[in-house]
Amino acid sequence: FDAEQRQHFDSAILFADSSIALNNTRYEPYVIKAESLWYLKQYSKAAIVYREYMTVGKPDFSIGAYVLLGMLYDKAGLRRQAKKQYLTAIKIYENGYTPPKFDKTEEIEYVFAFGLLGDKKNWKKKLLELDKKFPSQNYQRFQSMTRQELLEFHFSPYGG
């Protein structure tokens, strides 16, 4: 964790690999390794490790986890795998998923999955619903973005 915080990503990856070798049931080293890889812009490797994290430790925010995984594949140029993750996020949400209490991010991630997927019809419809629900956030500003612009915008908080 310390190596990652200091932006010594190669060292963080080595430490994470050592930790995983000692105990592959803890999810934290997978997260640190995946984050370090994407900060190094090694998105396809980051996606593989992030996928492992999702099997070892069930994420509290499932929709966001699948959208992030999709974005990693997208950033790696693996569009088919990215689409699969966005569709999984949408399917989970629409099949009765209950987000953690008092959290609106999962609903927002669900809506963004349509935009990242490139489903313009549902993206506009869901975005309008989101804008009505949270008018102060001005979600309509995203409607004019291309899919690639949306990807870059939505991934930017992750250092990408």
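Everything quoted here is computed from the prediction, not taken from an experiment.

### Observations concerning the overall build of the protein
When its secondary structure is counted, the protein shows 9 helices and 0 strands. Ordered by position from the N terminus, the helices and strands of the protein form the series α-α-α-α-α-α-α-α-α. Relative to the globule expectation of 15 Å for 160 residues, the C-alpha radius of gyration of the protein, 16 Å, shows essentially globular dimensions. The 160 residues of the protein split such that 43% are buried. When contacts within the protein are restricted to residue pairs at least 6 apart in sequence, long-range pairs at least 24 apart make up 53% of them. Roughly 9,100 Å² of accessible area belongs to the protein as shown, and the carbon and sulfur atoms make up 52% of that amount. For the protein, the distance from the average site of its 24 positive side-chain charges to the average site of its 19 negative ones is 7 Å.

### Brief notes about helix α3 (residues 28-39)
With 12 residues, α3 extends 17 Å between its outermost C-alpha atoms, agreeing within 8% with the 16 Å of an ideal straight helix rising 1.5 Å per residue. Of all the residues in α3, the buried ones are Pro29, Tyr30, Ile32, Lys33, Ala34, Ser36, Leu37 and Trp38.

### Comments concerning the nonpolar core
In terms of nonpolar packing, the biggest core is built from 44 residues, with Trp38, Tyr50, Leu72 and Tyr86 touching the most fellow members. Listing elements by their share of this core, those giving two or more residues are α2 (9-22), α3, α4 (43-56), α5 (62-75), α6 (79-94), α7 (105-117), α8 (120-133) and α9 (147-155). When residues of this core are assigned to their parent elements, the largest contribution, 9 residues, is made by α5. Beyond its immediate sequence surroundings of up to four residues, tyrosine 86 is in contact with Val67, Gly70, Met71, Asp74, Arg79, Ala113, Leu116, Leu117 and Leu151.

### Topic: the side chain of aspartate 131
Position of aspartate 131 relative to the elements: it lies in helix α8. There is no salt bridge for the buried aspartate 131, and the closest opposite charge comes from arginine 141, which lies 6.9 Å off by N-O distance. Not counting the four nearest positions on each side in its chain, aspartate 131 is found in contact with Asn138, Tyr139 and Gln140.

### Description of the pattern of salt bridges
Summed over all chains, the structure comprises 6 salt bridges. The shortest N-O distance in the salt bridge between glutamate 28 and arginine 26 comes to 3.8 Å. Residue glutamate 28 is classed as partly exposed on the basis of its relative accessible area, which comes to 34%. We classify arginine 26 as partly exposed; its relative accessible area is 37%. Connected via shared salt-bridge partners are Asp74, Arg79 and Arg147.

### Regarding the packing of aromatic side chains
For the coordinates displayed, the defined rule picks out 13 aromatic pairs. Ring geometry for tyrosine 93 against tyrosine 110: centres 4.1 Å apart, planes inclined by 15 degrees, an arrangement best described as stacked. Taken as a pair, tyrosine 93 in helix α6 and tyrosine 110 in helix α7 lie far apart in primary sequence, 17 residues in all. Classification of tyrosine 93 as partly exposed rests on a relative accessible area of 21%.

Cut-offs applied
- Residues numbered from 1 in each chain as written.
- Predicted model: local features only at pLDDT ≥ 70, side-chain atom pairs only at ≥ 80, totals over all residues.
- Heavy atoms only, no water.
- Helix = DSSP H or I, 4+ residues; strand = E, 2+ residues; numbered from the N terminus.
- Rg over C-alpha atoms; globule rule 2.2 N^0.38 Å.
- Buried < 20%, exposed > 50% of the residue type's maximum accessible area, 1.4 Å probe, protein only.
- Contact = heavy atoms within 4.5 Å.
- Areas by Shrake-Rupley, 256 points an atom, 1.4 Å probe, with all protein chains shown as cover.
- Lys, Arg positive; Asp, Glu negative; His and termini not counted.
- Charge placed at Lys NZ, Arg CZ, Asp CG, Glu CD.
- Expected span 1.5 Å × (residues − 1).
- Core = buried A, V, L, I, M, F, W, Y, C linked by side-chain atoms within 4.5 Å.
- Salt bridge = Lys/Arg side-chain N within 4 Å of Asp/Glu carboxyl O.
- Phe/Tyr/Trp six-rings, centres within 6.5 Å; stacked < 30°, edge-to-face > 60°.

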